[in-house]
Amino acid sequence: MAAGRGEFFRSLWTGLQRQLPPGGRAAPPGPGRGKPGPERGAAGSRGGGRPPRAAWSSAPWRSPAAMWTYFLLRLPPEILLKVLSFLDASSLFCISHVCQLFHQLANEDDLWKEIYTSEFGTQTWRPKSAHDAGMKACRGEVVEERPLGHWKKMYFRTLAGREVNKWKRELRDIRPHTGLPRQTELVLRTLNMSWELTLSDCWGGEVTLRENQVTFLQSALVVRWSEGVFPSYHHISSIQVHGVRKETQKIPRVRPSWRSLILKLDMKTEPHSFIGRDKLITLIHLSPGVLIGRWRGQSSVAFIMVSLHFHKLVEKSLLGSPACLYSEPGENSDPALDPQSYSVHFVLHSPGALILSEHFSQVHCRSVRLEHYLQEMTLIHSSVLPQHKPLSGSIKLPWRSEELEGAVENCCIMTLTVLSGFLTPVWCVSTPIFIRMARKPPAAVYCGEHFLMHHDGPGGKVKMKLVWVKEQKQFFLISLIIYI
C-alpha cells in the first residue's frame with residue numbers, strides 16, 4: 001500500500017514547484033482557500049494581481065521543506081485523509097507526531113479500521129457484544145459508539161498478542177535439568193533481539209551503544225560493548241541495558257522499535273569490586289552481572305560486559321517499558337521452599353569455553369543462621385572424594401576492545417539455577433566470579449595450592465573451594481555450598 005507513496009510525494013512536489021512565482025519563493029496566504037485576496041497596488045487601486053516583489057523577498061517560506069509543508073497544510077482535510085490512507089501503520093504512527101493537524105487526521109478511526117481489516121481480516125476479532133449491538137439496532141435502541149482511537153488500539157493490541165502468543169508457545173518445552181525453556185536461544189534469534197547500553201554521565205548527557213558481540217551459553221548469554229565513545233569511568237552516573245527488537249529487511253512494514261528495560265544501576269549507590277587484571281586492563285564487577293574493563297592507569301573504559309540469565313529473559317527483553325523492569329504478578333512474593341525437592345544446575349564458563357557443567361537433584365538442605373536464617377545446601381562435600389569435580393581447561397576471562405584483546409586469569413562466569421520440586425526456578429544468577437588464594441588451606445587429601453571462590457548477592461550466597469593439582473595441571477572443585 002505504501003510502496004508508491006514516495007512517487008506520489010515526488011509528483012506532488014513537482015506540481016507545487018511549477019506553481020511557484022519567479023525566484024522560487026512561495027506566496028503568503030491570502031483570505032479564502034487557495035485564492036489571492038484583494039491587494040492594493042502601487043497606485044492605490046484594488047486588484048487581485050500578484051503582490052509586489054518586495055513582498056516575495058520578505059516571505060518566511062524559503063526552504064523547500066517549509067514550502068512543501070505550507071502547501072500541504074493548505075489542502076482540504078478530505079484530500080489529506082486520502083493521502084494518509086496510502087501510508088502503512090508505521091508511517092501513519094510517525095506522521096501523527098508532526099503537528100496537531102496530522103495528529104488529529106492520523107488518528108481517524110476510518111484509517112485504522114481499514115489498516116486493521118487489511119492486516120488481520122474481518123473475522124480475526126469480533127466484539128463480545130456484537131450480537132447484542134445488532135439486536136439493539138434492530139429494535140431502534142441507541143447503540144453506544146466506540147471511543148476515539150478504538151481501531152488504533154485494537155491494531156497494536158492484536159499485533160502484540162499475535163507475536164506474544166507465537167513465541168510463548170515455543171517456550172513451553174522445558175528442559176528437566178535446568179528448568180528453563182529449550183528454545184530460548186532460538187526465540188531470541190528469531191525475534192532478532194539486540195541489547196542497547198545507555199550510559200548517563202554526571203552532567204545529564206547520555207550515550208547509547210549497540211552490542212558488538214553476543215555469546216549464547218547453556219543457560220545464559222553474555223553481551224559485550226567495546227566500540228564507541230565511552231564516558232570516563234568516574235563520570236558515569238548510571239548504567240541501563242534495554243532489549244530492542246531489530247527490524248529485518250524481509251519485513252515489508254517497518255514498525256517503531258520498542259525498548260524494554262532489563263537492568264538499571266546507580267553508580268553512586270551500587271557496590272563494586274576489583275576482580276582481576278592483566279597488563280592492559282582492570283576488571284571492575286558491579287552486581288548483578290555487570291563487568292567493566294578499564295584501561296590500567298587511566299579512567300577511560302575499554303569495554304562493558306553483561307551476563308544475562310535465561311530465566312524470563314525473553315519477557316524481560318520484550319514486555320518491559322523503557323523506564324520500568326518487567327515483572328509478573330506475584331513474582332516478588334517469597335516462594336514456598338520444600339527442603340526435600342531442590343535441584344540445582346551449576347555452570348562455570350567463559351564467553352567462549354565451558355569449564356564445568358553439573359546437575360544436582362534431590363538436594364537436602366538445613367536452616368542455618370548467618371546474617372539471618374538461610375537454607376544451606378551442600379552440593380559437594382570436601383571429605384567425599386567421589387563428589388569432587390575436575391575443571392576442564394584454564395580459568396580465564398577473554399576480552400576484546402576494538403583492535404586489542406587479551407584474557408584475565410583466574411576469572412570466569414558462574415551461572416546458577418536453583419529449582420523447586422515442580423521445576424520452578426527459585427534463584428537464578430549469572431555473574432562474573434574470581435579465584436583468590438586461601439589463607440589457611442583446609443585439611444584435604446590433595447597436595448597443592450588451595451583457592452576460594454565466593455559470590456554474595458541479594459538472592460543468596462555461593463562458596464566454593466578449589467585445589468590446583470600440579471601433576472595433572474588441573475583445578476578440582478572439592479567443595480560447593482549454596483545459601484538461599
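So, how was this worked out
Residues numbered from 1 in each chain as written. Predicted model: local features only at pLDDT ≥ 70, side-chain atom pairs only at ≥ 80, totals over all residues. Heavy atoms only, no water. Pairing = 2+ DSSP bridges. Helix = DSSP H or I, 4+ residues; strand = E, 2+ residues; numbered from the N terminus. Axes fitted to C-alpha atoms, helices over the stretch in contact; angles between N-to-C directions. Buried < 20%, exposed > 50% of the residue type's maximum accessible area, 1.4 Å probe, protein only. Arc of directions from axis to C-beta. Core = buried A, V, L, I, M, F, W, Y, C linked by side-chain atoms within 4.5 Å. Contact = heavy atoms within 4.5 Å. Phe/Tyr/Trp six-rings, centres within 6.5 Å; stacked < 30°, edge-to-face > 60°. Salt bridge = Lys/Arg side-chain N within 4 Å of Asp/Glu carboxyl O. pLDDT = per-residue confidence, 0-100.

With that out of the way, let us pick up the sheet that holds strand β3 (residues 193–201). Pairing in this open sheet of four strands is antiparallel, and the strands run β4-β3-β7-β8 from one edge to the other. Looking at which strands have only one partner, the edges of the open sheet turn out to be β4 (206–210) and β8 (259–266). Shown here is a sheet whose adjacent strand axes are inclined to one another by a mean of 20 degrees, direction ignored. Where strand β7 (residues 236–245) lies against β8, seven bridges are found, and the strand directions are antiparallel. Pairing of Ile239 across the sheet is with Leu265, part of β8.

Here we come to helix α4 (residues 77–84). Of all the residues in α4, the buried ones are Leu80, Val83 and Leu84. Along the long axis of α4, the arc covered by the buried residues comes to 95 degrees, so they all point the same way. Opposite the buried face of α4, by more than 90 degrees, sit the exposed residues Glu78 and Lys82.

Turning our attention to the nonpolar core. In terms of nonpolar packing, the biggest core is built from 37 residues, with Trp195, Leu221, Trp225, Ile239, Ile292, Ile304 and Leu308 touching the most fellow members. Setting aside its immediate chain neighbours within four residues, Ile292 contacts Tyr233, Ile239, Met267, Thr282, Leu283, Ile284, Leu286, Val301, Phe303 and Ile304. With 32 residues, the next largest nonpolar core counts Met377, Ile380, Met464 and Leu466 among its residues.

We describe a pair of aromatic rings using the distance from one ring centre to the other and the angle between the two ring planes. All chains considered together, the criterion is met by six aromatic pairs. Judged by centre distance (6.5 Å) and plane angle (45 degrees), the ring pair of Phe216 and Phe310 falls under tilted. With Phe216 in strand β5 (residues 213–216) and Phe310 in the loop between β12 (301–309) and α11 (313–318), the pair connects residues that are 94 residues apart, well separated along the chain. Comparing Phe216 with Phe310 shows no difference in burial state: the two are buried. Relative to Trp399, the ring of Phe303 has its centre 5.9 Å away and its plane inclined at 10 degrees; by these criteria the two rings are stacked. Separated by 96 residues along the polypeptide, Phe303 in strand β12 and Trp399 in strand β18 (residues 396–401) bring together distant segments of the chain. Across the pair, exposure class does not vary: Phe303 and Trp399 are buried alike.

Now for the sheet that holds strand β13 (residues 342–350). Taken together, four strands build an open sheet; the order of strands is β14-β13-β20-β21 and the sheet is antiparallel. Only two strands of the sheet have a single partner each, and these edge strands are β14 (353–363) and β21 (425–434). Sheet twist, expressed as the mean angle between neighbouring strand axes with direction ignored, is 10 degrees. Sheet topology places β13 next to strand β20 (residues 411–419); seven bridges connect them, and they run antiparallel. For Val344, the partnering residue across the bridge sits in β20 and is Val418.

Here we take up the side chain of Ser479. Relative to the helices and strands, Ser479 is located in strand β25 (residues 474–483). For Ser479, the residues in contact, after removing those within four places along its chain, are Ile380, Ser382, Lys463, Met464 and Lys465.

Considering all chains together, one arrives at seven salt bridges under this definition. For Glu376, the salt bridge is made with Arg366, and the minimal N-O distance between the two is 2.8 Å. Of this pair, Glu376 sits in strand β16 (residues 373–380) while Arg366 is found in strand β15 (residues 365–369), placing the two residues 10 residues apart along the sequence. Accessibility expressed as a relative area gives 9% for Glu376, which makes it buried.

For strand β23 (residues 449–456) and strand β24 (residues 461–469), the ladder comprises eight bridges, and the chain directions are antiparallel. Paired with Glu449 across the bridge in β24 is Trp468. Adjacent in sequence and paired antiparallel, β23 and β24 are bridged by four residues. With nine bridges connecting them, β24 and β25 associate as antiparallel partners.

Here the protein shows a mean pLDDT of 78. Residues at 70 or above account for 73%. Every residue in residues 24–58 scores below 50 in pLDDT, and together they form 51 contacts with partners more than four places removed in sequence or on other chains. Long-range and interchain partners of residues 249–255, a stretch whose pLDDT sits below 50, account for 10 contacts in this model, where long-range means more than four residues apart.

The residue after Ser287, namely Pro288, is reached through a cis peptide bond having omega 0 degrees. In this model, Lys312 sits at a positive phi of 60 degrees, which is unusual for a non-glycine residue. Position of Lys312 relative to the elements: it lies in the loop between β12 and α11. Not every positive phi belongs to a glycine, and Asn410 is a case in point at roughly 65 degrees. Position of Asn410 relative to the elements: it lies in the loop between β19 (404–409) and β20. Given a relative accessible area of 33%, Asn410 falls into the partly exposed group.

Our focus in this paragraph is the environment of Lys168. Mapped onto the fold, Lys168 is located in helix α9 (residues 150–170). Taking relative accessible area as the criterion, Lys168 reaches 40% and is therefore assigned partly exposed.

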